[in-house]
Amino acid sequence: MLGGISLTDKMVFMDNMSTMMKAGLALAPSIKTLAKETKNKKLANILEHFYNLVENGQLLSVGMKKHPKVFSEMIIATVEVGENTGMLADTLGHLAEILKAQKRLRSKVFGALMYPSIVLLAIVVVSLFLALFVFPQMVSIFEGSSVKLPFILIAVQFLNESIRAYGWFMLAGLIGIAVFIRYIFKLKKPKLWLHTVILKAPIAGNVIKELSLTRFAGNLHALLSAGLAIVESLQIVAKTVDNHRYRKVILEMATELEKGVSLHEAMSARAHLFPSITIQLCQVGESTGELENILKKVSDYYEERVSTVLANLSMIIEPVLLILVGLAVGFIAVSVISPLYELTNSFA
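Only a predicted model underlies this, so the values are computations on that prediction, with no experimental measurement involved.

Caption draft 1: Quick look at a nonpolar patch on the surface. A cluster of nonpolar residues, Val-124, Leu-128, Phe-129, Leu-132, Phe-133, Leu-159, Ile-163, Tyr-166, Phe-169 and Met-170, forms a patch on the protein surface that exposes about 1000 Å² of accessible area. Note that Phe-133 resides in helix H6 (residues 88–144).

Laid out in structure tokens, this is it:
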């Protein structure tokens, strides 16, 4: 994360803090040591700020609240509970594990999307190269030979002339449309609609659903383990879930739990977002008083499922990519060979 504080930076900070405090080092000296050792200047400045606050008798969570763009509500709330219970070292270690799991999933998503992205980029680059450099040369050959241009070369010539004449206007129009779409989908209702539609997509929808369930169960487990009440925990967890459909539903569930509804009952009313296995496990957890441990198992289960899907994603996408590459190669071959064939026929 250029110029900022990455997930890895936060993970290392919390992991090292936990290790030093468990070894017997006090909070302030631990922060001071990490401030000197970290290579990220922005994080080093924040840690220096933390050190000054702690030295003056303030809590670490108070310092984190002054940097809401770096430390999420879930992290701050969990640290606050750790401070109140005297288990800050364990809490920081637990948060480090959660961030490690998030980083692991991000890396797998990035790795799974790398191969198809490279293939699609290659197709676009080759197509642009032909359109901008190869086809114009062929057009000049045809015009010099007084031979009628094939349809493909007419289309490419029209495109090139349009770009030369109106290129800046077209670019400005595309940027304007992109900015407008971005603005529209930043609004609450359009974003909620988009996130609801995404969940219904064939493959991506299932992956996003299981990623959301992983984040929901993992973060709820962390907050309940830290000692927060379930209603407050759900309100915080809702802000940590990326999908706004799940975010809205989790906040609705928090309101229902305030009125005495159990977690599994609230989830049952939304069976399209919470699979039956999750509802059943939470019901068992609530009836046995082991909800925290059950949520950890649910989180691990969905993380494993997402990992499996992402590991096999290249195998799933490969047939589609082969078809796309085949169509692209076929189109390029026809585009190049067909005009040449017509030119040789005209000479004959």
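Caption draft 2: Seen up close, the side chain of Thr-278. Here Thr-278 shows up in helix H13 (residues 276–288). Exposure remark for Thr-278: the relative accessible area of 2% places this residue in the buried category. Among the polar contacts listed, one links the side chain of Thr-278 to the side chain of Tyr-302, at a separation of 2.6 Å. The contact partners of Thr-278, leaving out residues within four places of it in the chain, are Met-267, Val-298 and Tyr-302.

Caption draft 3: Up close: helix H3 (residues 41–55). Over its 15 residues, H3 runs 21 Å from end to end, which matches the ideal 21 Å to within 8%, given 1.5 Å per residue. What H3 keeps buried is the set Leu-43, Ala-44, Ile-46, Leu-47, Phe-50, Tyr-51, Leu-53 and Val-54. Buried residues along H3 sit in contact with helix H1 (7–22), helix H2 (27–37) and helix H4 (60–65). For H3, the capping residue at the N-terminal end is Asn-40, with a side-chain oxygen 3.0 Å from the backbone nitrogen of Lys-42. Phi turns positive, to about 90°, at Gly-57, one or two residues after H3.

Caption draft 4: Focus on the environment of Ser-299. Inspection of the secondary structure puts Ser-299 in helix H14 (residues 291–311). A sequence separation of 178 residues divides Ser-299 from Leu-121, and the C-alpha atoms of the two residues are 35 Å apart. Apart from residues no more than four positions distant in its own chain, Ser-299 is found in contact with Thr-214, Ala-217 and Gly-218.

Caption draft 5: Representation of the pattern of salt bridges in the model. Within the structure shown, the criterion is met by 12 salt bridges. The partner of Asp-90 in a salt bridge is Lys-22, with the nearest N and O atoms 3.6 Å apart. Of the two residues, Asp-90 sits in helix H6 while Lys-22 sits in helix H1, which places them 68 residues apart along the sequence. In this structure Asp-90 comes out as partly exposed when scored by relative accessible area, which is 40%. Ionic pairing is found between Glu-97 and Lys-100, a salt bridge with its closest N-O pair at 3.5 Å. Within this pair, Glu-97 and its partner Lys-100 are both found in helix H6, separated by 3 residues, close to a single helical turn. Classification of Lys-100 as partly exposed rests on a relative accessible area of 27%. Each of Lys-248, Glu-252, Glu-256 and Arg-270 takes part in salt bridges that share partners, so that together they form one network.

Caption draft 6: Structural detail: the confidence of the model for the chain. Per-residue confidence for the chain gives a mean pLDDT of 83, with 92% of residues at or over 70. Taken element by element, the chain is modelled with least confidence in helix H15 (residues 313–347), mean pLDDT 71, and with most confidence in helix H12 (residues 263–268), mean pLDDT 93.

Caption draft 7: Summary view of helix H5 (residues 73–85). Helix length check: H5 (13 residues) gives 18 Å between terminal C-alpha atoms against 18 Å at 1.5 Å per residue, within 8%. Within H5 the residues assigned to the buried category are Met-74, Ile-75, Ile-76, Ala-77, Thr-78, Val-79, Val-81, Gly-82 and Glu-83. The positive-phi residue at the C-terminal boundary of H5 is Gly-86, with phi of around 75°.

The rules we used
Residues numbered from 1 in each chain as written. Predicted model: local features only at pLDDT ≥ 70, side-chain atom pairs only at ≥ 80, totals over all residues. Heavy atoms only, no water. Patch = residues over 30% accessible without salt bridge, like charges linked within 9 Å, V, L, I, M, F, W, Y side chains within 5 Å. Areas by Shrake-Rupley, 256 points an atom, 1.4 Å probe, with all protein chains shown as cover. Salt bridge = Lys/Arg side-chain N within 4 Å of Asp/Glu carboxyl O. Helix = DSSP H or I, 4+ residues; strand = E, 2+ residues; numbered from the N terminus. Buried < 20%, exposed > 50% of the residue type's maximum accessible area, 1.4 Å probe, protein only. Polar contact = N/O pair within 3.5 Å; in protein donor to acceptor, adjacent residues only side chain to side chain. Contact = heavy atoms within 4.5 Å. Expected span 1.5 Å × (residues − 1). pLDDT = per-residue confidence, 0-100.

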